[in-house]
Amino acid sequence: MCATKVRDESVLSEPPLTELDRTDRALLKLLQKDASLSNVALAALVHLSPPACLRRVERLRQAGLIQRTVALLDPKALGAGMVVLIGVVLDRSTPDSFAAFEKAAARISGCMECHVVTGEFDYFMLVRTRDSESFNQLHAEQLLYLPGVRQIRSFMGLKQVLSTTQLPL
């Protein structure tokens with residue numbers, strides 16, 4: 001009886017990602033600009049075959065370089081055209097006070113980002129709202145009730161000069 005040799009698929013796969021080459025960078029740049037590109041179109045732009053391109057993109061996903069694919073919406077068209085940066089100072093700098101604040105901040109309506117920072121403030125939050133009246137309501141109903149807050153300073157955006165989701169590569 002003849003034994004059938006099973007092909008080892010791992011031999012055909014790409015090596016683990018250790019550093020980005022020119023093609024990986026090109027793929028990431030293109031996907032940051034337009035993640036709706038088909039695999040065939042993407043492959044043509046980086047001069048790869050579609051199967052090789054698909055393997056590369058999957059490898060970038062598995063390495064955690066592509067976290068997720070999303071649709072970027074127009075905030076103004078959806079009633080969230082006003083951006084407000086909020087500086088927050090906590091009354092205590094303890095792990096428990098930071099944890100309580102972070103848990104509560106994640107539930108603030110329109111909160112797009114929240115960062116622990118150095119300097120005068122403990123946190124900066126980026127909040128989107130419809131207008132100054134809706135921000136005033138958000139302030140009165142939610143921001144004033146954040147746990148452990150000593151001080152909140154709000155900075156309303158007057159004009160967006162730059163906003164991007166593209167990381168430099």
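Structure shown above.
Notes on the structure follow. (Residues numbered from 1 in each chain as written. Predicted model: local features only at pLDDT ≥ 70, side-chain atom pairs only at ≥ 80, totals over all residues. Heavy atoms only, no water.)

1. Re the overall build of the protein
Part 1: Tallying secondary structure elements over the protein gives five helices and four strands in all.
Part 2: Along the protein, helices (α) and strands (β) appear in the sequence α-α-α-β-α-β-β-α-β when read from the amino end.
Part 3: When each of the 169 residues of the protein is scored for burial, the buried share is 24%.
Part 4: With the model as given, the accessible surface of the protein reaches about 12,300 Å², and the carbon-plus-sulfur share is 55%. (Helix = DSSP H or I, 4+ residues; strand = E, 2+ residues; numbered from the N terminus. Buried < 20%, exposed > 50% of the residue type's maximum accessible area, 1.4 Å probe, protein only. Areas by Shrake-Rupley, 256 points an atom, 1.4 Å probe, with all protein chains shown as cover.)

2. Brief notes about the side chain of Arg-56
Part 1: Mapped onto the secondary structure, Arg-56 falls in helix H3 (residues 50–62).
Part 2: Here the side chain of Arg-56 touches Asp-21 through a polar contact of 2.8 Å, side chain to side chain. (Polar contact = N/O pair within 3.5 Å; in protein donor to acceptor, adjacent residues only side chain to side chain.)

3. Re the packing of aromatic side chains
Part 1: Applying the stated criterion across every chain, the model contains three aromatic pairs.
Part 2: Taken together, a centroid distance of 4.4 Å and an interplanar angle of 35° make the contact between Phe-101 and Tyr-123 tilted. On the criterion of sequence distance, the pair formed by Phe-101 in helix H4 (residues 95–105) and Tyr-123 in strand E3 (residues 123–129) is long-range, its members being 22 residues apart.
Part 3: Accessibility expressed as a relative area gives 0% for Phe-101, which makes it buried. (Phe/Tyr/Trp six-rings, centres within 6.5 Å; stacked < 30°, edge-to-face > 60°.)

4. A few points about the sheet that holds strand E4 (residues 149–156)
Part 1: Taken together, the four strands give an open sheet; going across it, the order is E2-E3-E1-E4, and neighbouring strands pair in antiparallel fashion. Looking at which strands have only one partner, the edges of the open sheet turn out to be strand E2 (111–116) and E4. The mean inter-strand angle of the sheet, taken between neighbouring strand axes irrespective of direction, is 20°.
Part 2: Alignment of strand E1 (residues 82–90) against E4, held across seven bridges, turns out to be antiparallel. Within the sheet, the bridge partner assigned to Ile-86 lies in E4 and is Ser-154.
Part 3: The sheet strands contacting helix H5 (residues 132–141) are E1, E3 and E4, and the helix crosses E4 at an angle near 170°. (Pairing = 2+ DSSP bridges. Axes fitted to C-alpha atoms, helices over the stretch in contact; angles between N-to-C directions. Contact = heavy atoms within 4.5 Å.)

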